[in-house]
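Residue-level structural notes
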Amino acid sequence: CHTRKIDEIFLSHKSFANRDIIKTKLIEVNRLWNKNKEKRAIELLCRDFEIPFKLYNLKYYIISRPFAGYNRKKKHIYISVYTRDIVTTIIHEIHHVYFYNKYANLLKTRYNFTDKQIGEFKEVMIFMINEREYSELINIKDNTYKDIIPLQKKMSKIWKKRKCFISFLDEAVILYQDLFC
């Protein structure tokens with residue numbers, strides 16, 4: 001039911017034909033990511049997002065495209081063969097799944113966010129996995145989009161004072177809207 005064996009998927013991608021690279025990455029992912037790390041990462045995310053602990057039956061796939069990703073409806077996490085730091089990438093994508101499942105509708109209804117704004121905002125919120133609490137899991141800080149780093153630094157200062165996501169969210173939305181809307 002809740003296996004930790006990472007599945008592999010081969011996408012039709014003309015410029016990528018080396019199955020050995022995918023197999024090598026598959027071995028590396030299975031060595032670095034396990035049920036205990038997943039559970040701990042989700043415990044931290046659920047605590048931060050103030051949601052009851054819930055382990056989705058996440059499935060992980062190695063893909064040949066250059067970027068990692070996720071499918072929130074199917075609960076799939078996609079890990080690129082080009083990923084440098086596997087654990088950080090996986091936690092980054094899990095963060096998106098949990099954030100979106102809990103807060104996307106709230107952002108639409110309370111703050112009139114568009115789907116595009118929700119997508120941008122969820123990327124800004126990635127600063128959370130660079131906080132000290134995640135250091136037991138993440139060796140390399142998540143390198144984010146350069147244009148949102150100043151906003152993430154401001155949000156991090158507020159987050160460290162609040163540690164209450166709902167009250168933090170109001171201020172975070174105002175900061176985001178001031179800079180991006």
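Please refer to the structure placed before this passage.
**Thoughts on the side chain of Ser 80**
For Ser 80, the location among the structural elements is in strand β4 (residues 76-80). Of the polar contacts made by the side chain of Ser 80, one reaches the backbone nitrogen of Tyr 82; its length is 3.0 Å. Filtering out sequence-adjacent residues up to four positions away, Ser 80 remains in contact with Lys 25, Ile 63, Arg 65, Pro 66, Phe 67 and Ala 68.

**Remarks on the pattern of salt bridges**
For the structure on display, the rule yields twelve salt bridges. A salt bridge links Glu 120 to Lys 116, with the nearest nitrogen and oxygen atoms 3.4 Å apart. On the criterion of helical spacing, the pair formed by Glu 120 and Lys 116 is a turn pair, its members being four residues apart in helix α4 (residues 115-124). On the accessibility criterion, Glu 120 (29% relative accessible area) is partly exposed. Of the residues examined, Lys 116 reaches a relative accessible area of 62% and is grouped as exposed. Between Glu 171 and Arg 162 there is a salt bridge, with its nearest N and O atoms 2.1 Å apart. The class of Glu 171 is partly exposed, set by a relative accessible area of 26%. What emerges from the salt-bridge pattern is a single network uniting Lys 39, Arg 40, Glu 43 and Glu 136.

**Quick notes on the pairing of strand β2 (residues 59-63)**
Across the five residues of β2, four count as buried, placing the element largely inside the fold. Relative to β4, β2 runs parallel, the two sharing five bridges. Within the sheet, the bridge partner assigned to Ile 62 lies in β4 and is Ile 79.

Basis of the calculations
- Residues numbered from 1 in each chain as written.
- Predicted model: local features only at pLDDT ≥ 70, side-chain atom pairs only at ≥ 80, totals over all residues.
- Heavy atoms only, no water.
- Helix = DSSP H or I, 4+ residues; strand = E, 2+ residues; numbered from the N terminus.
- Polar contact = N/O pair within 3.5 Å; in protein donor to acceptor, adjacent residues only side chain to side chain.
- Contact = heavy atoms within 4.5 Å.
- Salt bridge = Lys/Arg side-chain N within 4 Å of Asp/Glu carboxyl O.
- Buried < 20%, exposed > 50% of the residue type's maximum accessible area, 1.4 Å probe, protein only.
- Pairing = 2+ DSSP bridges.

Such coordinate-based values are descriptive only and should not be taken to indicate function.
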